Amino acid sequence: MNSKNELEDTLEFLSSYPSGQETIILPSGKEVNVKKYFLKFKPWQGEPINTYGGKAVIDFNGQPEYAETAVLKLFKQNGWDGVWVDKKLYRTGILGNDTVKLPDDKHEILDQIRTNISGSGGCWDLFLWKDGQITFVELKKSKEDKVRSSQIGWLEESIKFGFNSSNYIFVEWNITGI
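Residues numbered from 1 in each chain as written. Predicted model: local features only at pLDDT ≥ 70, side-chain atom pairs only at ≥ 80, totals over all residues. Heavy atoms only, no water.

## Focus: the environment of Asp 125
Positionally, Asp 125 belongs in the loop between α3 (104–115) and β7 (126–130). Sequence separation between Asp 125 and Ser 28 is 97 residues; the distance between their C-alpha atoms is 23 Å. A distance of 2.9 Å separates a polar side-chain atom of Asp 125 from the backbone nitrogen of Leu 139. (Helix = DSSP H or I, 4+ residues; strand = E, 2+ residues; numbered from the N terminus. Polar contact = N/O pair within 3.5 Å; in protein donor to acceptor, adjacent residues only side chain to side chain.)

## Some points on the packing of aromatic side chains
Taken as a whole, this structure holds 14 aromatic pairs when the rule is applied. Summarising the aromatic geometry, the rings of Tyr 52 and Tyr 66 are spaced 6.3 Å apart at their centres and angled 20° between planes, so their arrangement reads as stacked. One end of the pair, Tyr 52, is in the loop between β2 (31–43) and β3 (58–60); the other, Tyr 66, is in the loop between β4 (63–65) and α2 (67–77), and 14 residues separate them in sequence. According to the relative accessible area criterion, Tyr 52 is partly exposed, its value standing at 28%. Relative to Trp 80, the ring of Phe 75 has its centre 5.6 Å away and its plane inclined at 80°; by these criteria the two rings are edge-to-face. (Phe/Tyr/Trp six-rings, centres within 6.5 Å; stacked < 30°, edge-to-face > 60°. Buried < 20%, exposed > 50% of the residue type's maximum accessible area, 1.4 Å probe, protein only.)

## Thoughts on the pattern of salt bridges
Taken as a whole, this structure holds 14 salt bridges when the rule is applied. The closest approach of N and O atoms between Asp 86 and Arg 91, which form a salt bridge, is 2.8 Å. By relative accessible area, which is 7% here, Asp 86 ends up buried. The exposure class of Arg 91 is buried, given its relative accessible area of 8%. Across the pair Glu 138 and Lys 140 runs a salt bridge whose closest N-O atoms are separated by 3.0 Å. Lys 140 matches Glu 138 in its accessibility class, with the two residues each being buried. Shared partners join several salt bridges into a network, and the residues in it are Asp 86, Lys 87, Arg 91 and Asp 98. (Salt bridge = Lys/Arg side-chain N within 4 Å of Asp/Glu carboxyl O.)

## What about unusual backbone geometry?
One non-glycine residue, Asn 61, lies in the positive phi region at around 55°. Inspection of the secondary structure puts Asn 61 in the loop between β3 and β4. Accessibility expressed as a relative area gives 56% for Asn 61, which makes it exposed.

## Observations concerning helix α4 (residues 149–161)
The terminal C-alpha atoms of α4, which comprises 13 residues, lie 18 Å apart, in line with the 18 Å expected from a rise of 1.5 Å per residue. For α4, the full list of buried residues reads Gln 151, Ile 152, Gly 153, Trp 154, Leu 155, Glu 156, Glu 157 and Ser 158. Elements that come into contact with the buried residues of α4 comprise β1 (19–25), β2, α3, β8 (133–141) and β9 (168–175). One or two residues past the end of α4 sits Gly 162, with phi positive at roughly 130°. (Expected span 1.5 Å × (residues − 1). Contact = heavy atoms within 4.5 Å.)

## A look at the side chain of Glu 157
Position of Glu 157 among the secondary structure elements: in helix α4. Given a relative accessible area of 14%, Glu 157 falls into the buried group. Side-chain polar atoms of Glu 157 contact the side chain of Lys 160, separated by 3.1 Å.

## Some details on the nonpolar core
Judged by nonpolar contacts, the single largest core of 25 residues is most densely connected at Phe 41, Val 71, Phe 75 and Val 137. Excluding residues that lie within four positions of it along the chain, Phe 41 makes contacts with Ile 58, Phe 60, Ala 67, Ala 70, Val 71, Trp 173, Asn 174, Ile 175 and Thr 176. (Core = buried A, V, L, I, M, F, W, Y, C linked by side-chain atoms within 4.5 Å.)

## Focus on the environment of Gly 93
With respect to the helices and strands, the residue Gly 93 is situated in the loop between β6 (89–91) and α3. Distance from Gly 93 to Thr 69, taken between C-alpha atoms, is 5.4 Å for residues 24 residues apart in sequence. Sequence-distant contacts of Gly 93, defined by excluding residues within four places in its chain, comprise Thr 69, Trp 84 and Asp 98.

Here you go:
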């Protein structure tokens, strides 16, 4: 759907972060290499907020955020639009009045991929778009989170739909000291 070079150009803002690749073996047996970036956040030191079932609260530009919303805002600062996919809700910030309706064409993309997946899960954390380009981002807390089989299934179905591994990014994150 997008050429690898087009996506790399629009992701230039991530080049200052350490990066690597993660190899995923799809249910079909095909190996897919997904770009991975390593981000460090500071813990939130301000007034306590709802942790939404135990999510880490981080300081992103002086505001409390979850890792998902911080990375979403990082992309938005660089011209992208998108949402945090929280089950079947689409969020743009920490809890409150942050749920939004997806544009019809973007909603259709997710629905078409979901049609071929057993169960309702698997969509990656962030669904982003810019200038006709689509990127899915999955966040994993360093040494705590692993890629789930439903997310691997989502990756495989989206490749069948027409996306490729360059439409996907892992962000491995952790919290550093103050």
